[in-house]
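Each chain is listed here by its residues.
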Amino acid sequence: MKTLYTLSVFFLTLVVASQLPAQEARIKIDPDRVVGEISPLIYGNFVEHLGRCVYGGIYDPGSPLADEDGFRKDVMEAVRDLNISIIRYPGGNFVSNYHWLDGVGPDRIPRMELAWNRLETNEFGTNEFIKFVRKVGAEPFFAVNMGTGTMVEARRWVEYTNVASGPHYAELRKEHGYPEPHDIKFWSLGNEMDGGWQMGHLNAEDYTKKARETAKLMKLTDRDIKIIGSGSSNYGSDANPNQWNQTVVDVLHQYIDYLALHLYLGNPDNDYYGFMSTPMVMEQRTDIARGLIQRTMEETGRDQPIYIAWDEWNVWYRATGAAATQGDRALEEHYNLEDALVVAGMLNVFIRNADIVKMANMAQLVNVIAPIFTNDTSLFKQTIYYPFQMFSSHMVGKSLDVFLEVDTYETGQFRMNAWAEPENQKDVPYLDVTAALDEDQIVIAVVNRHRDQSIQTSVLCQECTFEGDIQILELTGPDIKSSNTFGKEDVQTKELSPLSNSGNQVEYSFPPHSLTLLIGKVHSR
Ligand code: AHR
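Predicted model only: the values in this text are computed from it and were never measured.

Caption draft 1: Quick look at the overall build of the chain. Scanning the chain from N- to C-terminus turns up 11 helices and 27 strands. Burial status across the chain gives 60% buried among its 525 residues. Of the roughly 20200 Å² of accessible surface on the chain, 50% is carried by carbon and sulfur atoms. Between the mean site of the 46 positive side-chain charges and the mean site of the 72 negative ones, the chain shows a separation of 3 Å.

Caption draft 2: Inspection of the sheet that holds strand 27 (residues 514-524) at higher detail. Within the open sheet, the seven strands sit side by side as 2-15-19-20-27-22-25. Their pairing is antiparallel. Each edge of the sheet is formed by a strand with only one pairing partner; in this case those strands are strand 2 (34-37) and strand 25 (494-500). Mean inter-strand twist for the sheet, computed between neighbouring axes without regard to direction, equals 25 degrees. In this structure, strand 22 (residues 464-475) lies alongside strand 27, joined through nine bridges in antiparallel fashion. The partner of Cys-464 across the bridge, within strand 27, is Ser-524. On the sheet, helix 10 (residues 337-352) packs against strand 2, strand 15 (398-400), strand 19 (431-438), strand 20 (441-448), strand 22 and strand 27 and is oriented at approximately 50 degrees with respect to strand 19.

Caption draft 3: The nonpolar core, seen in detail. Residues Ile-87, Leu-189, Trp-310 and Trp-313 are the most contacted members of the largest nonpolar core, which totals 154 residues. Sort the elements by how many residues they give to this core and helix 10 lands first, with 11 residues. When neighbours within four sequence positions are excluded, Trp-313 is seen to be in contact with Leu-263, Tyr-264, Met-282, Val-343, Met-346, Leu-347, Phe-350, Ala-360, Asn-361, Met-362, Ala-363 and Phe-388. Membership of the second largest hydrophobic core comes to nine residues, among which are Ile-86, Phe-186, Ile-228 and Tyr-258.

Caption draft 4: Structural view of the state of the cysteines. Considering all chains together, one arrives at one disulfide under this definition. The disulfide that involves Cys-461 links it to Cys-464, with 1.6 Å between the sulfurs. Its S-S torsion of approximately -85 degrees makes the covalent link between Cys-461 and Cys-464 left-handed. Take Cys-461 and Cys-464: they sit in the same class, and that class is buried.

Caption draft 5: Up close: the site of the ligand. Contacts to the ligand come from 13 residues, most closely from Glu-48, Asn-93, Glu-192, Tyr-264 and Glu-312. A distance of 2.9 Å separates an oxygen atom of the ligand from a polar atom in the backbone of Asn-93. Contact between the ligand and Asn-191: an oxygen atom at 2.9 Å from a side-chain N or O atom of the residue. In the complex, the protein chains occlude 95% of the 280 Å² of accessible area that the ligand would expose alone. The residue inventory of the shell around the ligand, partitioned by class, reads six nonpolar, four polar and three charged.

Caption draft 6: A look at the environment of Arg-134. Tracing the chain through its elements places Arg-134 in helix 3 (residues 126-135). Residue Arg-134 is classed as partly exposed on the basis of its relative accessible area of 41%. Remark: the alpha-carbon pair of Arg-134 and His-182, spanning 48 residues in sequence, is separated by 10.0 Å. Discounting residues that sit within four places of it in the chain, Arg-134 has contacts with Pro-140, His-182 and Asp-183. A distance of 2.6 Å separates a polar atom in the side chain of Arg-134 from the backbone oxygen of His-182.

Caption draft 7: Seen up close, the sheet that holds strand 21 (residues 455-461). An order of 16-1-21-26 is seen for the four strands of this open sheet, with the pairing classed as mixed. Each edge of the sheet is formed by a strand with only one pairing partner; in this case those strands are strand 16 (403-406) and strand 26 (505-510). Neighbouring strand axes in the sheet, compared pairwise and without regard to direction, differ in orientation by 15 degrees on average. Of the strand pairs in this sheet, strand 21 and strand 26 are connected by six bridges, and their pairing is antiparallel. In the strand pairing of strand 26, Ser-458 is matched with Glu-507.

Caption draft 8: Expanded view of unusual backbone geometry. Omega for the peptide link from Tyr-89 to Pro-90 comes to 0 degrees, which places this bond in the cis form. When you line up the elements, Pro-90 lands in the loop between strand 4 (86-89) and strand 5 (111-113). Positive phi outside glycine occurs at Asn-117, with the angle close to 60 degrees. Tracing the sequence through the fold places Asn-117 in the loop between strand 5 and strand 6 (118-120). Of note, the phi angle at Glu-192 is positive, near 40 degrees, even though the residue is not glycine. Tracing the chain through its elements places Glu-192 in the loop between strand 8 (186-189) and helix 6 (204-221).

Caption draft 9: Region of the structure containing the packing of aromatic side chains. By the definition in use, this model includes 33 aromatic pairs. Ring geometry for Phe-94 versus Tyr-98: centroids 5.0 Å apart, planes at 35 degrees, classification tilted. The class of Phe-94 is buried, set by a relative accessible area of 3%. When its relative accessible area of 4% is taken as the criterion, Tyr-98 is described as buried. Where Tyr-273 meets Tyr-430, the ring centres are 6.3 Å apart and the plane angle is 90 degrees; that geometry is what we call edge-to-face. Of the two residues, Tyr-273 is situated in helix 8 (residues 272-277) and Tyr-430 in the loop between strand 18 (428-429) and strand 19; the sequence distance between them amounts to 157 residues. Classification of Tyr-273 as buried rests on a relative accessible area of 1%. Lying over the aromatic face of Phe-403, Lys-28 brings its terminal NZ or CZ to 4.7 Å of the ring centre. Directly above the aromatic system of Phe-46 lies the positively charged group of Arg-88, at a separation of 4.6 Å from the ring centroid.

Caption draft 10: Geometry of the confidence of the model for the chain. Per-residue pLDDT for the chain averages 93, and the proportion of residues at 70 or more is 93%. Throughout residues 1-21 the model reports pLDDT below 50, and contacts reaching past four residues in sequence, or to other chains, amount to 19 contacts.

The rules behind each value
- Residues numbered from 1 in each chain as written.
- Predicted model: local features only at pLDDT ≥ 70, side-chain atom pairs only at ≥ 80, totals over all residues.
- Heavy atoms only, no water.
- Helix = DSSP H or I, 4+ residues; strand = E, 2+ residues; numbered from the N terminus.
- Buried < 20%, exposed > 50% of the residue type's maximum accessible area, 1.4 Å probe, protein only.
- Areas by Shrake-Rupley, 256 points an atom, 1.4 Å probe, with all protein chains shown as cover.
- Lys, Arg positive; Asp, Glu negative; His and termini not counted.
- Charge placed at Lys NZ, Arg CZ, Asp CG, Glu CD.
- Pairing = 2+ DSSP bridges.
- Axes fitted to C-alpha atoms, helices over the stretch in contact; angles between N-to-C directions.
- Contact = heavy atoms within 4.5 Å.
- Core = buried A, V, L, I, M, F, W, Y, C linked by side-chain atoms within 4.5 Å.
- Disulfide = S-S within 2.5 Å.
- Near = heavy atom within 4 Å.
- Polar contact = N/O pair within 3.5 Å; in protein donor to acceptor, adjacent residues only side chain to side chain.
- Nonpolar A, V, L, I, M, F, W, Y, C, P; charged D, E, K, R; others polar.
- Phe/Tyr/Trp six-rings, centres within 6.5 Å; stacked < 30°, edge-to-face > 60°.
- Lys NZ or Arg CZ within 6 Å of the ring centre and 35° of its normal.
- pLDDT = per-residue confidence, 0-100.

Structure, rendered in structure tokens:
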């Protein structure tokens, strides 16, 4: 019955989509209509001890491609080109049974790794990660073990990394060859503690009690750290996500600076238009979390903001199930163009909600659901590498509130506008648009979700004029299923001939299934 329903929705979607007329759209932007500052920390990433992310990914001391510290030089170069601001470590599900002392100093203790079923040699640990993260120019963000770990163990880790000298663990770091503290500013209170799959899973009351006392001890050790509370994961847990999030912000409001949310999107039914709408789920969850945070702040009188950190996000639906999630080749997802467009849609959600989404970490960095994929001798950049790079290089400064008029479509998968009359409930706009203003540079990011048609669009700058050429960066490919592999990257960013335009209006036709950045200078009128 369920299959029949899914199939009929799928065919209905195809019929609706294929009968659409030629498309036109209008975009209006105004430099005075600012949503918020775009935090550089939304261009974060994540390294977990999982599959070939650490061993055979960033760290491969036996490889001719490795540097003196065992880091793959080609990987570091590709990471630097992504402009990653912050990297979360060491998990993920892994962290819930990770004991950091196993991975420091001369004697490393091999352990059974229970989350992803591997042998963890602990050859790579705190200090190796810090070296790596500094080499690629990013900030470290650590998660503590709130599953099988204790509050004392978490506190000692802060002492080891952040206290200059004196107490035992600060001195231990020095003995290990690191005279200066690592100054790790961002710390998360566990990972996906709402999920039954998590080692040491707790209910909301028990988690928040333990997390509050852990945070207290960590802050007493270093008052300057920023704390991230473990919010709802993939909405597939046994806990009600909104109740979980409300409890986390209520009980931890004195300690946390961010509420962490996780989301993975996918296309298991091969429904292109449905898949293209899925970033709207992220938008809706952002709205709901914003409301829950506002409620707590109002009720408790807290005046410092609690932000949202989407500290795991990506497309992930192929490498699932027992065989693909265990051992040394776990979670090796191979991405295509439609995945890259969904990634662009998720980045657009962060930009549109720049006032509250102040951190985001794509999961993960190398090989494991990742933009970079290696073998022993080389690497290639997956399709999802490119939208991330386009955004992290150009979508900076202030996020602007964009007016958009464009046709919409129905998917049967998603309804945003529950208040509309039934005939107007085609909720997914064919274009997904954000704009960023950095001094006099304006960048407009446009995803055309239409599979087959270009959308002729007029872009009007209100209260301003465009000055000089408009640079055009485009990401598309021969087909929505196009993908990249070693030595052959069909999907990558292309720079097109610039538009030479002045005045306050630009006409542009956004090609089907594409991401475009229009980059220009504006002058206020
Ligand atoms: O990123 C892969 C896994 O997804 C992480 O370990 C976990 O936090 C999430 O469920």
